[in-house]
Amino acid sequence: MHTPEQEAHRLDEADPGHRHLFHVPPADGGDHPESAYLAGNSLGLQPRATRDELLADLDAWGRLGVEGHLEAERAWLPYHELLTAPAARLVGGRPAETVVMNSLTVNLHLLMVSFYRPAGTRTRIVIEDAAFPSDSYAVRSQARFHGLDPDDTVVRLRPRAGEDALRTEDVTDYLATEGDRVALVLLGGVNYLTGELLDIPAITAAGRAAGAVVGWDLAHAVGNVPLALHDWDVDFAAWCSYKYLNSGPGALAGVFVHERHLGDPDLPRFEGWWSTAAATRFEMTPVSRPPTTVEAWQISNPPIFAMGPVRTSLELFDTVGMAALRARSLRLTGWLESLLDEVTADRPLRVVTPRDPARRGCQLSVRIAAGSAAELTKRLRYEHGVIADAREPDVVRFAPVPLYSTYLDCWRAAAALATTVGATS
């Protein structure tokens, strides 16, 4: 019989992942040289290729100055186009529907300018009660911008009594009964707190059937689970790229707008220099002539040195493929779940992520009954070399990312949790 640690090593030999392509932080405690890094749902690790490729873009500035816009090996003027096709493949969109720009919440606001258009009694915005705070702030401010009371306008759907995750049918049932008052559905594809994967196509269909616009915050879904935004008929979506896309802290975000909305002259948008067609951009005319693509939602010229790490990451996803990553994610998360089942059986801990693998990404969230989540993650790091993520007051999130996490990481996390949180008598 193998010990759990020996079994972890055996599994890593059989199912190795791509850890060698990333820089892994050294451990701050414990018996291993590298951290067991399970916080990629907060900030992904740095790909080894990022530094050299970013420095190459920086060198072009030094050699060419302004001429780098057209003469750099990766010319700056059309640089964002290098990201379009791989980003579209990753989210299941078409190139005309997909663009990398800005940050997540800025993009959500720009999209809501177009797609949140309250009228008459159809004014409500539906989000999940456990939405990331930035999304809550954004939709409340949009309601106020339209002269509406956010407490009446924003509907926060909660899990059923005694449950931790919002069921898809709870969303679709609400839309079936109250949908004629809903202007916008804006949910997280994977919930940041629990790791729950909502049924995006089913909720999108229900929202559109009710006459609402349906958008998605995919911050915790992109690079985590397979997506098919075009085929699912999603109206719009936005995502960041510093979590599972490993593009660096505060990295540029992405936008999807379904092709049925592209070129619609009646759809309001905020505009800037990059909103006009590229062929006419340097005519310097006072009236924008936007293209019939999602690039019409761009405003400013893209920051090249911020785009480079996103491009590097997207190339990695193209090489490995989401199907292979999702398959390994299911194996790796399932292994961690089996270890946590043993740890939580006799400790004041409870996994709040859905047990059905189809209803979650590569995250398991553990609710603690006493103490501080932040203090617990601090002990995991400095006593055991395990980096997890705290969401106060009482949730610790473990993300076994299939690109670089290992089965040994999962064993180390479970063993550290068992040591740190004593068993109940």
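Procedures and definitions
Chains are numbered independently. Their residues run from 1 in the order of the written sequence. Confidence filtering applies because this is a predicted model: local features only for residues at pLDDT of at least 70, side-chain atom pairs given and counted only at 80 or more, and all residues used for totals across whole chains, interfaces and linings. Note: side-chain values were computed over all heavy atoms of the structure, leaving out hydrogens and water. UniProt positions are given in the numbering used here, feature names are shortened, and annotations may be inferred rather than shown by experiment. Only centres within 6.5 Å qualify two rings of Phe, Tyr or Trp (six-membered ring in Trp) as a pair; their planes then separate them into stacked at under 30 degrees, edge-to-face at over 60, and tilted for everything else. By the criteria applied, helices consist of DSSP H or I runs no shorter than four residues and strands consist of E runs no shorter than two, each listed in order from the N terminus. The buried label applies to any residue whose accessible area, calculated with a 1.4 Å probe on protein chains only, is under 20% of its type's maximum; exposed applies above 50%, and partly exposed to all values in between. Lysine NZ or arginine CZ positioned within 6 Å of the ring centre and within 35 degrees of the ring normal marks a charge as sitting over the ring. Comment: arc refers to directions from the helix axis out to C-beta atoms. Here, two residues are considered to be in contact whenever any of their heavy atoms come within 4.5 Å of each other. Buried Ala, Val, Leu, Ile, Met, Phe, Trp, Tyr and Cys residues that are joined via side-chain atoms within 4.5 Å together make up what is termed a nonpolar core. Two strands make a pair as long as DSSP finds a minimum of two bridges between them. For every element, the axis is a line fit to its C-alpha atoms; helices are fit only across the contacting stretch, and the angle between N-to-C directions ranges from 0 to 180 degrees. A patch is a set of surface residues, each over 30% in relative accessible area and not in a salt bridge, joined within 9 Å for like charges and within 5 Å for the nonpolar side chains Val, Leu, Ile, Met, Phe, Trp and Tyr. Accessible surface is estimated by sampling points in the Shrake-Rupley manner with a 1.4 Å probe; for residues, cover comes only from the protein chains shown. One speaks of a salt bridge when a side-chain nitrogen belonging to Lys or Arg is within 4 Å of a carboxyl oxygen belonging to Asp or Glu. Two N or O atoms count as a polar contact when they lie within 3.5 Å, although within protein this holds only if one can serve as hydrogen donor and the other as acceptor, and sequence-adjacent residues are included solely when both atoms are side-chain atoms.

- Named according to an unreviewed UniProt entry, the protein chain is Kynureninase originating from Micromonospora luteifusca.
- According to the UniProt record, the Cofactor (unreviewed entry) comment for the protein chain is "pyridoxal 5'-phosphate".

Thoughts on the packing of aromatic side chains
At step 1: Per the counting criterion, the structure on display carries nine aromatic pairs.
At step 2: Taking 6.3 Å as the distance between ring centres and 55° as the angle between the ring planes, the aromatic pair formed by tyrosine 37 and tyrosine 404 counts as tilted. Residue tyrosine 37 is found in strand 2 (residues 36-37), and its partner tyrosine 404 is found in the loop between strand 15 (395-398) and helix 13 (407-420); the two are separated by 367 residues along the sequence. Comparing tyrosine 37 with tyrosine 404, the two get one shared label, buried.
At step 3: What links up through ring pairs into an aromatic cluster is the set Phe22, Tyr37 and Tyr404.
At step 4: One cation-aromatic arrangement involves arginine 269 over tryptophan 297; the distance from NZ or CZ to the ring centre is 5.4 Å.
At step 5: In this structure, arginine 281 is placed above the aromatic ring of tryptophan 274, and the distance from its NZ or CZ to the ring centre is 3.9 Å.

Observations regarding helix 2 (residues 48-64)
At step 1: Burial in helix 2 covers these residues: Thr50, Asp57 and Ala60. Take helix 2 and look down its axis: the buried residues cluster within an arc of 90°, on one side only. Opposite the packed face of helix 2, turned more than 90 degrees from it, sit the exposed residues Arg51, Asp52, Gly62 and Arg63.
At step 2: On its buried face, helix 2 is in contact with strand 3 (46-47) and helix 10 (304-320).

Things to note about the nonpolar core
At step 1: Residues Val185, Trp216, Leu218, Trp239 and Leu403 are the most contacted members of the largest nonpolar core, which totals 61 residues.
At step 2: Among the elements that take part in this core, helix 10 stands out by supplying seven residues, more than any other.
At step 3: Those residues within four positions of tryptophan 239 in sequence are excluded, and the remaining contacts are Val91, Thr98, Leu104, Leu218, Ala219, Val222, Leu229, Leu245, Ala253, Gly254, Val255 and Phe256.

Some words on the sheet that holds strand 8 (residues 213-217)
At step 1: Read from one edge to the other, the open sheet built from seven strands follows the order 4-10-9-8-7-5-6, with strand pairing classed as mixed. Looking at strand neighbours, the two that pair on one side only are strand 4 (98-100) and strand 6 (154-157), the edges of this open sheet. Between one strand axis and the next, the sheet turns by 15° as a mean value, whatever way the strands run.
At step 2: Set on the sheet, helix 8 (residues 168-178) makes contact with strand 5 (124-128), strand 6 and strand 7 (182-188); between it and strand 7 the angle comes to about 175°.

Some words on helix 1 (residues 4-14)
At step 1: Every buried residue belonging to helix 1 is among Glu7, Ala8, Leu11 and Asp12, and all of these are buried. Looking down the long axis of helix 1, one finds its buried residues gathered within 140° of arc, a one-sided arrangement. Across from the buried face of helix 1, at angles greater than 90 degrees, the exposed residues are Glu13 and Ala14.
At step 2: Check the buried side of helix 1 and you find it contacts helix 11 (322-344) and helix 13.

Quick look at a nonpolar patch on the surface
At step 1: Together, Leu55, Leu58, Trp61 and Phe305 make up a nonpolar patch on the protein surface, roughly 380 Å² of accessible area in all.
At step 2: When residues of the nonpolar patch are assigned to their parent elements, the largest contribution, three residues, is made by helix 2.
At step 3: Structurally, leucine 58 can be placed in helix 2.
At step 4: The class for leucine 58 is partly exposed, based on a relative accessible area of 37%.

Topic: the UniProt feature "binding site: pyridoxal 5'-phosphate" (unreviewed entry) in the protein chain
At step 1: In this numbering, the UniProt entry assigns the feature "binding site: pyridoxal 5'-phosphate" (unreviewed entry) to Leu104, Thr105, Phe132, Pro133, Ser134, Asp135, Asp217, His220, Tyr242, Trp273 and Asn301. A maximum C-alpha distance of 31.1 Å among these annotated residues, which run over 198 residues, shows that they spread across the structure rather than meeting at one spot.
At step 2: Relative to the assigned elements, serine 134 resides in helix 6 (residues 133-145).
At step 3: At 2.6 Å, the side chain of serine 134 forms a polar contact with the side chain of threonine 105.
At step 4: Take aspartate 217: it is sitting in strand 8.
At step 5: Of the residues examined, aspartate 217 reaches a relative accessible area of 6% and is grouped as buried.
At step 6: Contacts of aspartate 217, omitting those with residues within four sequence positions, involve Leu104, Leu108, Asp135, Leu186, Leu187, Gly188, Gly189 and Ala238.

Let's talk about unusual backbone geometry
At step 1: Across the junction of glutamate 392 and proline 393, the peptide omega takes the value 10°, indicating a cis bond.
At step 2: Relative to the assigned elements, proline 393 resides in the loop between strand 14 (389-391) and strand 15.
At step 3: Not every positive phi belongs to a glycine, and asparagine 102 is a case in point at roughly 55°.
At step 4: Note on asparagine 102: relative accessible area 27%, which makes it partly exposed.

Examining the UniProt feature "modified residue: N6-(pyridoxal phosphate)lysine" (unreviewed entry) in the protein chain
At step 1: The feature "modified residue: N6-(pyridoxal phosphate)lysine" (unreviewed entry), as given by UniProt, occupies Lys243 in the numbering adopted here.
At step 2: Along the polypeptide, lysine 243 turns up in the loop between strand 9 (236-239) and strand 10 (254-257).
At step 3: Judged by relative accessible area, lysine 243 falls into the buried class, the value being 8%.

Section: the environment of threonine 292
At step 1: By the secondary structure assignment, threonine 292 is in the loop between strand 10 and helix 10.
At step 2: Residue threonine 292 is classed as exposed on the basis of its relative accessible area, which comes to 56%.
At step 3: Measuring from C-alpha to C-alpha, the distance between threonine 292 and proline 265 comes to 9.7 Å, with 27 residues separating the pair along the chain.
At step 4: Setting aside residues no more than four positions away along its own chain, threonine 292 makes contact with Leu262 and Gly263.

Details of the sheet that holds strand 11 (residues 349-351)
At step 1: Sheet architecture is open: four strands sit in the order 11-12-15-14, paired in antiparallel fashion. The open sheet terminates on both sides in strands that have one partner only, identified here as strand 11 and strand 14. The average undirected angle you get between the axes of adjacent strands in this sheet is 30°.

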